[in-house]
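# A look at the structure
Listed below, chain by chain, are the residues.
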Amino acid sequence: MSSEQTISQDDRPVILLVEDEALTIMDLGDVLEDGGYETVQCASAERALSILQARPDICGLVTDVELSGKTNGFELATSVAEARPNLPILIVSGRAAPDPERMPPGAQFLARPCSGDEILDRLKSLMPC
């Protein structure tokens, strides 16, 4: 995982990974990095939004629905879609259902249980890069 202060030294696409379960974010971060992406990781939507503002190189978002903080993954995805309309967004959850009213245009939903590889495959299908 790269620190938020560093600018990527390689050409891998940068994915913002938002998940508040420590083991889940570490495992998924490893899968995405092994799959060719650099990840910037955080546990709250509020932090994710500030990272997105500071990192124009981020070219995809993977978020859980239930996050630490006041904002959930659906709300995060909606805010991100408004700020960066062309950014691929993948929402993953084992508890929430995909609610069409809460899904921003273009975002996709993946239900857990699913493997890190399934998340990676879905992300790759969304990515232009």
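A quick note: this is a predicted structure, and the numbers were derived from the prediction, not measured.

### Here's the deal with the packing of aromatic side chains
Evaluation of the coordinates by the stated rule reveals one aromatic pair. Between Phe 74 and Phe 109 the ring centres are 6.3 Å apart and the planes differ by 10°, which places this aromatic pair in the stacked class. Taken as a pair, Phe 74 in helix α3 (residues 73-83) and Phe 109 in strand β5 (residues 108-111) lie far apart in primary sequence, 35 residues in all. The pair formed by Phe 74 and Phe 109 is uniform in burial state, with each residue classed as buried.

### Some points on the state of the cysteines
Summed over all chains, the structure comprises zero disulfides. No disulfide involves Cys 42; its sulfur sits 16 Å from the nearest other cysteine sulfur, which is in Cys 59. Residue Cys 59 is classed as buried on the basis of its relative accessible area of 17%.

### A word on the environment of Lys 70
Locating Lys 70 in the fold gives a position in the loop between β3 (58-64) and α3. With 16 residues separating them along the chain, Lys 70 and Asn 86 place their C-alpha atoms 25 Å apart. Not counting residues within four places of it along the chain, the set of residues in contact with Lys 70 comprises Glu 46 and Glu 75.

### Here's the deal with the UniProt feature "modified residue: 4-aspartylphosphate" (unreviewed entry) in the protein chain
Here, UniProt's "modified residue: 4-aspartylphosphate" (unreviewed entry) annotation points to Asp 64. Mapped onto the fold, Asp 64 is located in strand β3. Relative accessible area serves as the criterion here: at 7%, Asp 64 is assigned to the buried category. Among all residues touching Asp 64, those that are not within four sequence positions of it are Val 18, Glu 19, Asp 20, Gly 73, Val 92, Ser 93 and Arg 112.

### Comments concerning unusual backbone geometry
The step from Arg 112 to Pro 113 runs through a cis peptide bond, and the omega angle for that step is 5°. Tracing the sequence through the fold places Pro 113 in the loop between β5 and α4 (116-126).

### Side note on the sheet that holds β3
Read from one edge of the open sheet, five strands run β2-β1-β3-β4-β5, paired in parallel fashion. The two strands at the open ends of the sheet, each matched to only one other strand, are β2 (38-42) and β5. Each strand axis lies, on average, 20° off the axis of its neighbour in the sheet, ignoring direction. Across four bridges, the pairing between strand β4 (residues 89-93) and β5 is parallel. Across the sheet, Val 92 pairs through a bridge with Leu 110, a residue of β5. Contacting β1 (14-18), β2 and β3, helix α1 (residues 22-34) runs over the sheet at an angle of about 165° to β2.

### A word on the pattern of salt bridges
Side chains that differ in sign of charge can pair as their charged atoms come close. Summed over the entire model, instances satisfying the criterion amount to four salt bridges. For Arg 112, the salt bridge identified is with Glu 19, shortest N-O distance 3.3 Å. One end of the pair, Arg 112, is in the loop between β5 and α4; the other, Glu 19, is in the loop between β1 and α1, and 93 residues separate them in sequence. A residue is classified by how much of its surface remains accessible, and Arg 112, at 24% relative accessible area, is partly exposed. The exposure class assigned to Glu 19 is buried, which follows from its relative accessible area of 4%.

So, how was this worked out
Residues numbered from 1 in each chain as written. Predicted model: local features only at pLDDT ≥ 70, side-chain atom pairs only at ≥ 80, totals over all residues. Heavy atoms only, no water. Phe/Tyr/Trp six-rings, centres within 6.5 Å; stacked < 30°, edge-to-face > 60°. Helix = DSSP H or I, 4+ residues; strand = E, 2+ residues; numbered from the N terminus. Buried < 20%, exposed > 50% of the residue type's maximum accessible area, 1.4 Å probe, protein only. Disulfide = S-S within 2.5 Å. Contact = heavy atoms within 4.5 Å. UniProt positions renumbered as here; feature names shortened; annotations may be inferred. Pairing = 2+ DSSP bridges. Axes fitted to C-alpha atoms, helices over the stretch in contact; angles between N-to-C directions. Salt bridge = Lys/Arg side-chain N within 4 Å of Asp/Glu carboxyl O.

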